[in-house]
Amino acid sequence: MNILTTIQERNPGEPEFLQAVHEVAEYIIPFIEQNPRYKAFKVFERMAEPERVIIFRVPWVDDKGEIRINRGYRVQMSSVIGPYKGGLRFHPSVTLSVLKFLAFEQTYKNSLTGLPMGGGKGGSDFDPKGKSDAEVMRFCQSFMTELYRHIGPDLDVPAGDIGVGKREIGYLFGQYKRIKNEFTGVLTGKGFEWGGSRIRPEATGYGLIYFVQEIFKTIGETLEGKVITISGSGNVAQFAAEKSIQCGAKVVTMSDSDGYIYDQTGITAEKLAFITELKEVKRGRISEYVDRYPGARFFPGEKPWGIPCDIALPCATQNELDGHDARLLIDNGCRYVAEGANMPCTTEAVALFNKERIYYVPGKAANAGGVAVSGLEMTQNSLRYAWFKEKVDDRLRIIIKGIHATCVQYGREEDGHINYEKGANIGGFVKVADAMIDQGVV
Ligand code: NDP
């Protein structure tokens, strides 16, 4: 039976996971045909089966004294090149399918960084939005009371993702330390004062822009004056915007799940500071931007992809940019799409970008800066040392440069065009596949 049919039959009702596997398989299956040793060892089939999945009850008590029950997960996808590594997502849309797709992608992404990290992902259908700090803390403590048995600095090192920022990592770390009675680097994205790395909060967004700069170097362009549309207004979106502005680009949109704001004059550093305060401290909505800056407009329930731009950076969530949006972007002159989020472009959108020779960079390459600096946080924790900001930023740039080079190595088409999707998938696959063969049938 064909590889994809078998995987499909083993994972019914998991559309996001199957979407991620299909997108990778499009490049990996022909590559395996040309390199039969990978076929004999069934590496792709094994990669699509998590090494372990943990599902658990998370009971907690809300501020009214009512008992609430959520579901917690950890998908330990691959430990072949290092301890499981990948974020925790707290969002009502979290299902096993979503976490398996994220863990599958994470394995390739971590491989591309060149650091010794396997792939994993976890989270819960808990929604931190609208909850008090005390409720979030009680939830995190309950979540960690089960998760702690399955993680450790040499076993599995979770981090943040949607709905899990510095606040949640703090509560999770505090509970782990209390139960285990030891201070170890078991989570990344920690506060700098208690074991975090400089540049970790910035890393995904900065890395995304460093990747775009690498593309521009190959074609003799710069970011100066380029118009950029960004979706999302969370961690990745904020720092992608910050670095874009520093590089002289003009960021004109940001969004949240209520809609997007369009500021034709450009979001300046000062305006971005307002958004950061709004989101991180006040936990407000992006629509409040237009109350402060009335020259901008808010479009409720809409996505920003109809706004003309040179570069689009989807930084919110999976499948937020579909075929229709891709057509609009292309017709309005967009030539570059780099994914800050994981799998934000649908299969139809990606097919259209590739057909029209748009520079399209999948998340596993474009947003790998976050996990790369998480890897550097693990290194610093092992050394019991904290590097200066400049050192971490330099390392991040070097790692992104390396990922870009890998994409070029494996993604160059016959006509010279670089297919970053092909390059990222094959580049990520080779290291994991070779290690699997070396380690036998496990
Ligand atoms: P945050 O929680 O900080 O921000 C998420 C943003 O996306 C918010 O603006 C949120 O709006 C919006 N959003 C979330 N879900 C939806 C939805 N269903 N529809 C519309 N908007 C939505 O998360 P991050 O910035 O950390 O993560 C964003 C993306 O980047 C995710 O795909 C994540 O997996 C990926 N990523 C993150 C990394 C990191 O280091 N943090 C590393 C690599 C990838 P609202 O507040 O209204 O929900």
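Residues numbered from 1 in each chain as written. Predicted model: local features only at pLDDT ≥ 70, side-chain atom pairs only at ≥ 80, totals over all residues. Heavy atoms only, no water.

**With respect to unusual backbone geometry**
Point 1. A positive phi angle, close to 60°, is found at Asn181, a residue other than glycine.
Point 2. Summarising the element assignment, Asn181 is placed in the loop between helix H7 (166-180) and helix H8 (200-219). (Helix = DSSP H or I, 4+ residues; strand = E, 2+ residues; numbered from the N terminus.)

**Concerning the site of the ligand**
Point 1. Taken together, 25 residues surround the ligand, and among them Asp161, Thr204, Ser257, Arg285 and Asn342 come closest.
Point 2. Contacts to the ligand include Thr204, whose side-chain N or O atom sits 2.7 Å from an oxygen atom.
Point 3. Arg285 is positioned with one of its side-chain polar atoms (N or O) 2.6 Å from an oxygen atom of the ligand.
Point 4. Starting from 890 Å² of accessible surface for the ligand in isolation, the protein chains cover 83%.
Point 5. Of all elements in the fold, only H8, helix H9 (235-246) and strand E7 (250-256) reach the threshold of two or more residues within the shell around the ligand.
Point 6. Here the residues of the shell around the ligand are counted per class, giving 5 nonpolar, 13 polar and 7 charged. (Near = heavy atom within 4 Å. Polar contact = N/O pair within 3.5 Å; in protein donor to acceptor, adjacent residues only side chain to side chain. Areas by Shrake-Rupley, 256 points an atom, 1.4 Å probe, with all protein chains shown as cover. Nonpolar A, V, L, I, M, F, W, Y, C, P; charged D, E, K, R; others polar.)

**Digging into H8**
Each full turn of the α-helix corresponds to 3.6 residues, which orients residues three or four apart in the same direction.
Point 1. Compared with an ideal rise of 1.5 Å per residue, which puts 20 residues at 28 Å, H8 spans 29 Å between its outermost C-alpha atoms and is within 8% of the ideal.
Point 2. Tyr206 marks where H8 bends most, by close to 30°.
Point 3. Across the 20 residues of H8, 15 count as buried, placing the element largely inside the fold.
Point 4. Once H8 ends, the next one or two residues include Gly220, with phi positive near 70°. (Expected span 1.5 Å × (residues − 1). Bend = angle between axes of the 7 residues up to and from the residue. Buried < 20%, exposed > 50% of the residue type's maximum accessible area, 1.4 Å probe, protein only.)

**Looking at the sheet that holds strand E10 (residues 311-314)**
Point 1. Pairing in this open sheet of 7 strands is mixed, and the strands run E9-E8-E7-E6-E10-E11-E12 from one edge to the other. Strands with a single pairing partner mark the edges of an open sheet, and in this sheet they are strand E9 (297-300) and strand E12 (359-361). Taking the axes of each pair of neighbouring strands and ignoring which way they run, one obtains an average angle of 15° across the sheet.
Point 2. As judged from the 4 bridges shared by strand E6 (residues 227-231) and E10, these two strands associate in the parallel manner. When the sheet's bridge partners are listed, Ile230 is paired in E10 with Leu313.
Point 3. Strand contacts of H9: E6, E7 and E10, with the helix running at about 175° to E7, the strand carrying the most contacts. (Pairing = 2+ DSSP bridges. Axes fitted to C-alpha atoms, helices over the stretch in contact; angles between N-to-C directions. Contact = heavy atoms within 4.5 Å.)

**With respect to the domain arrangement of the protein chain**
Point 1. Assigned domains of the protein chain: these are domain 1 (49-185) and domain 2 (203-366).
Point 2. Here the C-alpha centre of domain 2 lies 27 Å away from the C-alpha centre of domain 1.
Point 3. Listed per partner, the contact involves 13 residues of domain 1 and 11 residues of domain 2.
Point 4. Between domain 1 and domain 2, the buried area comes to about 1,000 Å², and carbon and sulfur atoms account for 49% of it.
Point 5. For the domain 1 face of the interface with domain 2, the top three residues by lost area are Phe101, Glu105 and Lys109, together amounting to 44%.
Point 6. Note that Glu105 is salt-bridged to Lys364, the shortest N-O span being 3.3 Å.
Point 7. In terms of residues, the side of domain 1 that touches domain 2 owes the most to one element, helix H5 (residues 96-113), which gives 7 residues. (Domains from an automatic or database assignment. Buried area = accessible area lost by both parts, 1.4 Å probe. Salt bridge = Lys/Arg side-chain N within 4 Å of Asp/Glu carboxyl O.)

**Description of the packing of aromatic side chains**
Point 1. This model, assessed by the stated rule, comprises 26 aromatic pairs.
Point 2. Taking 6.0 Å as the distance between ring centres and 25° as the angle between the ring planes, the aromatic pair formed by Phe31 and Tyr38 counts as stacked. By the burial criterion, Phe31 is buried, and Tyr38 matches it.
Point 3. With a centroid separation of 5.1 Å and 90° between ring planes, the pair formed by Phe90 and Phe139 is classed as edge-to-face. Linking Phe90 in strand E3 (residues 84-90) with Phe139 in helix H6 (residues 133-147), this pair joins segments that are 49 residues apart in sequence.
Point 4. Take Phe90: its relative accessible area is 1%, and that puts it in the buried class.
Point 5. Among the aromatic residues, those joined into a ring-pair cluster are Phe56, Trp60, Phe90, Phe126, Phe139 and Phe143.
Point 6. For the cation-ring pair, Lys100 lies above Phe17, with the distance from its terminal atom to the ring centre recorded as 4.6 Å. (Phe/Tyr/Trp six-rings, centres within 6.5 Å; stacked < 30°, edge-to-face > 60°. Lys NZ or Arg CZ within 6 Å of the ring centre and 35° of its normal.)

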